[in-house]
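# Per-entry structural report
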Amino acid sequence: MTASHYITAQPVVRLINLHKSFGSLEVLKGVDLEVHKGEVVTILGPSGSGKSTLLRCVNLLEKPSGGEIWFEETCITSHQANVNKVREHIGMVFQSFNLFPHLSAKRNIMLAQRKVLKRSNDEAEQVALELLERVGLSDRADYMPAQLSGGQQQRVAIARALAMDPHVMLFDEATSALDPELVRGVLDVMRELAQGGMTMIVVTHEMGFARDVADRAVFMDEGVIVEQGTPEAVFDHPQNNRTKDFLGHIV
Amino acid sequence: MLLTGLKLLLQRLKKYSTVLPALRTFLAMVAVLSLVVTFVVPQPQAQGLTVEKTTAKPNQSGSSQIIGGIPTRITWEATVGNDEEVKEITLVFPEGTALGEGAANRVTVLEGSTRLEVPQTNTITSEQTNIVFDNPVGSGLLIRVEMSYVALPEETGEYTITGTYIDGTGTDITLDESPAISVISFTTVQKIQHWLDQQPWVESWNSVLFLKIFLNPQLIVSSVPTLFKGWLRSLGLVLFGFPLAIPIGLAVSFLRMAKFRVVRFFAAIYVNVIRGTPLFLQIYIAFFGLPFLGVKLDSYVLGVLVLAMNSSAYLAEIFRAGIQSIHKGQFEASASLGMNPMQTMFSVILPQTVRRVIPTATSEFILLYKDTSLLAAVGVMEQMMFAKSMVASTGNMTPYIVSACYYLLVTLPLTKIIAEFEKKLAAAEGHGEVLTSKKKKRRFFGDMGARETLEAAIGDSGSLVPGENSTANSTARGPANSTASGPKNKDLR
């Protein structure tokens with residue numbers, strides 16, 4: 001992707017001067033960010049820097065205290081916006097998987113397709129099986145979440161989000177709750193998604209993944225974006241002291 | 001008598017016979033025929049000895065009925081006609097009569113107002129009794145024969161005593177048929193009770209005061225079927241009341257979590273007032289208060305309603321706790337998929353809540369079932385009421401004990417089921433435990449091998465499983481990648 005591409009195309013997600021406070025604690029202090037179609041953006045930063053809150057604002061799991069969020073042509077922070085309709089097109093993967101424990105892997109993927117997209121049972125099932133195959137779990141379709149490992153659960157969760165044909169996928173520390181040996185399977189699925197052209201915003205501590213896969217790395221600290229650029233620029237030649245400090249600790 | 005009766009009948013029928021001449025002819029013929037029969041066929045000479053009455057003594061305590069098959073005392077009375085005397089009487093019992101031990105006749109004569117034993121010799125068999133008077137019994141006397149330890153036939157029916165007598169001239173004359181004795185047959189319970197009455201061990205059992213008052217065998221036998229009806233009614237109360245309480249409780253739990261403070265406030269009042277007052281009081285208010293307002297409901301229906309209302313408040317809190325115990329990630333995941341709150345509630349939250357609340361809701365069911373007994377206080381016919389009336393009529397506590405057993409019949413298995421369910425639930429929610437529990441379950445049912453499940457859980461720990469494949473095919477979004485990873489998965493196990 002080239003810089004000119006970003007300028008000409010309509011951004012998928014656009015945050016304008018986003019503020020978010022929990023009571024008196026201001027977590028986001030004016031964030032501007034544009035994410036374009038097909039772009040993979042990783043958000044890095046120390047814990048408490050507001051990365052997750054930023055991500056959760058994008059699909060309005062957190063209601064911003066100020067600023068605007070645009071999803072494609074819609075300003076989703078306006079009162080007229082149909083939140084559920086917007087969320088259909090924004091997939092999200094959580095740190096704690098959040099699979100529906102009473103449904104099998106397949107049914108987890110089918111539920112929202114049927115309820116929200118009103119797909120037929122057969123169609124939803126077909127989509128579910130295709131996606132399970134894509135995340136390498138076709139033999140686990142009828143397993144209950146409790147019978148799956150964390151890594152398998154997270155892959156089912158990714159498939160569940162993908163089933164809604166999202167225009168952008170949000171990953172909120174998708175591998176942080178996993179045992180180290182299970183991380184790789186999930187990252188590989190994410191990597192494959194990225195290379196397949198999915199627009200993604202990824203909050204992660206996996207520096208290797210951020211460096212290899214991301215088109216752009218965004219470094220946040222204390223509720224603001226401190227530095228952003230290509231992964232090479234941010235990782236290898238950080239300009240900001242806080243970025244240097246953070247990367248110094250990690251590496 | 002017979003003639004006048006027939007004439008009356010004829011007169012009546014004539015009214016109709018004008019309409020139907022054929023019928024008239026027919027009736028005339030019948031009338032003639034009956035007249036012929038009346039005069040031509042010899043009638044028993046009833047004037048010599050007229051049967052006055054035949055009765056049997058009720059032979060079951062607390063009952064005015066005569067039970068077949070168990071001994072009773074039959075009293076038979078007849079008057080000797082004027083200028084007649086009787087030398088010998090033979091009474092024939094209905095077919096199927098049996099004699100108990102010590103069957104005997106007592107023959108007396110009423111002369112004026114004094115009752116005299118009559119010297120006689122009698123023989124008694126199960127078919128008949130034969131009484132030969134030492135001296136012929138004179139005219140105008142009332143002869144009474146009392147036959148004890150006679151067991152009339154077991155089948156329900158009307159039984160008469162027939163027989164013959166020999167008058168002063170030595171003629172053998174057939175007796176008038178006696179008035180009928182109504183006999184009913186024993187119910188199975190009565191038969192068992194009767195049998196128990198005769199058992200020596202029952203007698204010694206009942207000689208212990210405690211056993212007699214609390215565990216009387218005869219009363220156990222009669223309580224079981226009687227209280228069964230009450231048991232069904234109590235079950236009915238709870239089986240109608242509880243399902244009714246579920247939707248009300250669910251609705252109230254939603255109101256308790258409503259967005260608007262006012263709604264929450266009123267829901268809280270409902271729950272706290274009902275949970276904060278005794279059910280007994282609520283029953284009294286409903287049963288004695290509603291009639292003042294002109295509301296007249298069948299007491300059983302009202303009972304169901306009060307129970308449902310009471311239980312709904314408890315269930316509301318159970319449901320609320322259940323819903324609130326669901327991790328907020330479930331709400332977020334549903335929201336992130338574009339599901340609205342309604343869809344989230346009914347497809348994601350409630351199905352999970354149901355499993356969690358089943359143990360507590362079942363406990364609530366048990367409580368409510370036991371509380372149906374409170375309705376006895378306002379006269380709803382349920383188990384407690386049946387037991388109370390039995391105790392009142394027998395003066396024995398045994399029906400209460402039997403009643404306790406009926407309650408336990410429901411509550412004990414349910415308690416067991418709750419315990420099992422809780423175990424299963426604990427296993428299903430914790431990852432580590434689920435394996436051991438599944439392992440046991442699977443083996444127990446001979447289902448798929450436990451190993452497979454175990455491996456399923458540690459599937460990823462081989463780190464390579466789908467990882468390598470997806471890297472290799474990372475550019476392909478299509479099935480090429482997945483088919484590659486599929487077999488590999490299998491190879492690994």
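One can find the structure itself at the top, above this paragraph.
I will try to describe carefully the structure that is included in this document. Nothing here was measured: the structure is a model prediction, and the numbers come from that model.

A separate point is the overall build of chain B. Assigned secondary structure in chain B consists of 17 helices and 12 strands. Burial analysis of chain B (493 residues in total) assigns 40% to the buried set. Of the roughly 27,100 Å² of accessible surface on chain B, 64% is carried by carbon and sulfur atoms.

Our next topic: the nonpolar core. With 85 residues, the main nonpolar core has L54 of chain A together with F287 of chain B as its most contacted residues. Counting 42 residues, the second largest nonpolar core, distinct from the first, contains V156, A157, L178 and V183 of chain A.

Further remarks concern the sheet that holds strand β2 (residues 25–35) of chain A. Residue and element names in this part refer to chain A. A sheet is described by the order of its strands in space; here four strands give the open sequence β2-β1-β4-β5, paired in antiparallel fashion. Either end of the sheet is taken by a strand with one partner, and the two such strands are β2 and β5 (74–75). Examined bridge by bridge, strand β4 (residues 66–71) and β5 share two bridges and lie antiparallel to one another. If you follow F71 over to β5, its bridge partner there is T74. Against the sheet, helix α2 (residues 51–58) engages β1 (13–22), β2 and β4, with an angle of about 120 degrees to β1.

On to helix α6 (residues 150–162) of chain A, then. The first and last C-alpha atoms of α6 of chain A sit 18 Å apart over 13 residues, in line with the 18 Å expected at 1.5 Å per residue. Of all 13 residues in α6 of chain A, 13 are buried; the element is thus mostly enclosed.

Residue and element names in this part refer to chain A. Considering the arrangement of structural elements, one finds H36 in the loop between β2 and β3 (40–44). Note on H36: relative accessible area 4%, which makes it buried. Engagement of the side chain of H36 in a polar contact is seen with the side chain of E34, the distance being 3.3 Å.

Residue and element names in this part refer to chain A. Positioned with a positive phi, N17 is a non-glycine residue whose angle comes to about 45 degrees. Within the secondary structure, N17 is located in strand β1. Here the phi dihedral of E173 falls at roughly 45 degrees; this positive angle occurs in a residue that is not glycine. Relative to the elements of secondary structure, E173 occurs in the loop between β7 (168–172) and α7 (180–195).

For the rest of this paragraph, the subject is the packing of aromatic side chains. Ring pairs (aromatic) are described by centroid distance and by the angle formed between their planes. Residue and element names in this part refer to chain B. A full pass over the atoms with the stated rule returns 11 aromatic pairs over all chains. Between F228 and Y406 the ring centres are 6.5 Å apart and the planes differ by 50 degrees, which places this aromatic pair in the tilted class. Here F228 is found in helix α6 (residues 217–256), whereas its partner Y406 is found in helix α13 (residues 398–429), with 178 residues between them in sequence. Looking at F228, the relative accessible area reads 37%, which means it is partly exposed. Summarising the aromatic geometry, the rings of F242 and F365 are spaced 5.1 Å apart at their centres and angled 90 degrees between planes, so their arrangement reads as edge-to-face. Pair noted here: F242 is in helix α6 and F365 is in helix α11 (residues 341–371), with a separation of 123 residues, a long-range link. Neither residue differs from the other here; F242 and F365 are each classed as buried. One aromatic cluster is present, formed by F228, W231 and Y406 through successive ring pairs.

Parameters at a glance
Residues numbered from 1 in each chain as written. Chains lettered and ligands numbered in written order. Predicted model: local features only at pLDDT ≥ 70, side-chain atom pairs only at ≥ 80, totals over all residues. Heavy atoms only, no water. Helix = DSSP H or I, 4+ residues; strand = E, 2+ residues; numbered from the N terminus. Buried < 20%, exposed > 50% of the residue type's maximum accessible area, 1.4 Å probe, protein only. Areas by Shrake-Rupley, 256 points an atom, 1.4 Å probe, with all protein chains shown as cover. Core = buried A, V, L, I, M, F, W, Y, C linked by side-chain atoms within 4.5 Å. Pairing = 2+ DSSP bridges. Contact = heavy atoms within 4.5 Å. Axes fitted to C-alpha atoms, helices over the stretch in contact; angles between N-to-C directions. Expected span 1.5 Å × (residues − 1). Polar contact = N/O pair within 3.5 Å; in protein donor to acceptor, adjacent residues only side chain to side chain. Phe/Tyr/Trp six-rings, centres within 6.5 Å; stacked < 30°, edge-to-face > 60°.

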